[in-house]
Amino acid sequence: MKRKIKGFKDVEVEIRHDLDGIEDEMMELIEATKARRKADYGDFSEQPRAYFTEVVKAMGNKAVIVVTRVSGVMASCSLSMIDGDRLVGKYIGMRYPLATEHDVYFLNWMTCVRFCLKNKLSWMQVGPSSYRQKVRLGCQLSRSWVYFKHTGAIIGPITATSSGFIPCSDSTRLRKRCVDEPGAVTPILRPLRSGQSW
């Protein structure tokens, strides 16, 4: 992490609660990041353009947008939401290769942790991907449950009967497996205490 911090010196960070003047650029970065990811979440990863504007407007100060800029150019933009005593990271968009050259993913992460500490939020929950990095950054993996129902006349009763027999891995096997299987777990940063330094 110390090596990555050296890349932060030319990066400006802004925390805001609205998308005024940045919506188009944010959407461009989110689309660029989606195009680069290895996992395909199908329809779950597609949001209409108005989704972000409406969510941020509805959430008010509970929407946390972290914007990083290098020489005035937006390098990354993330949207997180405050839910009780936790910050839930939902979306991040990055401008490549600028974002990787300045390690803004890690700066964004550290900014969110600092935000949690400053605002006395005990937990930070982040998205279901890049597990190896998130574990290295202090996340504990927590099982995510997916509920399903098949409505076909033949397949429906078969899946309903057989789903109870699908084995659930223990946490050690899960940690090993999760690196290659997006969506199997949800990374959660362990409880944050104000004495921690980042």
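A brief report on the enclosed structure follows. (Residues numbered from 1 in each chain as written. Predicted model: local features only at pLDDT ≥ 70, side-chain atom pairs only at ≥ 80, totals over all residues. Heavy atoms only, no water.)

Focus on helix 3 (residues 49–59)
Those residues of helix 3 lying buried are Phe52, Val55 and Val56. Down the axis of helix 3, the buried side of the element spans an arc of 95 degrees, and every buried residue falls inside it. The exposed residues of helix 3 that point more than 90 degrees off its buried face are Glu54, Lys57 and Ala58. Looking at the buried positions of helix 3, the neighbouring elements they touch are helix 2 (23–36), strand 2 (63–70), strand 3 (73–83) and strand 4 (86–94). Gly60 sits one or two residues past helix 3 and shows a positive phi near 60 degrees. (Buried < 20%, exposed > 50% of the residue type's maximum accessible area, 1.4 Å probe, protein only. Helix = DSSP H or I, 4+ residues; strand = E, 2+ residues; numbered from the N terminus. Arc of directions from axis to C-beta. Contact = heavy atoms within 4.5 Å.)

Remarks on the packing of helix 2 against helix 3
Running from N to C, helix 2 and helix 3 point in directions that differ by 125 degrees, and their axes come no closer than 10 Å. Relative to helix 3, helix 2 is oriented oblique. Judged by the sense of rotation from one axis to the other, the crossing of helix 2 with helix 3 is right-handed. Contacts from Glu23, Asp24, Met26, Met27 and Ile30 in helix 2 reach Arg49, Phe52 and Thr53 in helix 3. (Axes fitted to C-alpha atoms, helices over the stretch in contact; angles between N-to-C directions. Parallel < 35°, antiparallel > 145°, perpendicular 65-115°, else oblique. Left-handed = near helix turned anticlockwise from the far one by under 90°.)

A word on unusual backbone geometry
With an omega of 0 degrees, the peptide bond running from Tyr96 to Pro97 counts as cis. Along the chain, Pro97 turns up in the loop between strand 4 and helix 4 (98–101). Located in the positive-phi region is Ser71, a residue other than glycine, with phi close to 50 degrees. Residue Asp103 is not a glycine yet carries a positive backbone phi of 50 degrees.

A closer look at the packing of aromatic side chains
What describes a pair of aromatic rings is the distance from one ring centre to the other and the angle between the planes of the rings. Using the criterion set out here, one finds four aromatic pairs in the structure. Residues Tyr51 and Phe52 carry aromatic rings whose centres are separated by 5.3 Å and whose planes lie at 85 degrees to one another, so their mutual orientation is edge-to-face. Plain terms: the ring middles of Phe52 and Tyr91 are 4.9 Å apart, the flat faces sit at 75 degrees to each other, and that makes the pair edge-to-face. Of the two residues, Phe52 is situated in helix 3 and Tyr91 in strand 4; the sequence distance between them amounts to 39 residues. Phe52 sits in the buried class, given a relative accessible area of 1%. Aromatic ring contacts, followed pair by pair, group Tyr51, Phe52 and Tyr91 into a single cluster. Taking NZ or CZ as reference, Arg36 lies 3.7 Å from the ring centre of Tyr96, over its face. (Phe/Tyr/Trp six-rings, centres within 6.5 Å; stacked < 30°, edge-to-face > 60°. Lys NZ or Arg CZ within 6 Å of the ring centre and 35° of its normal.)

Examining the pattern of salt bridges
Tallying each qualifying case throughout the model produces six salt bridges. In this structure, Asp83 engages Arg86 in a salt bridge whose closest nitrogen and oxygen atoms are separated by 2.8 Å. Accessibility expressed as a relative area gives 42% for Asp83, which makes it partly exposed. (Salt bridge = Lys/Arg side-chain N within 4 Å of Asp/Glu carboxyl O.)

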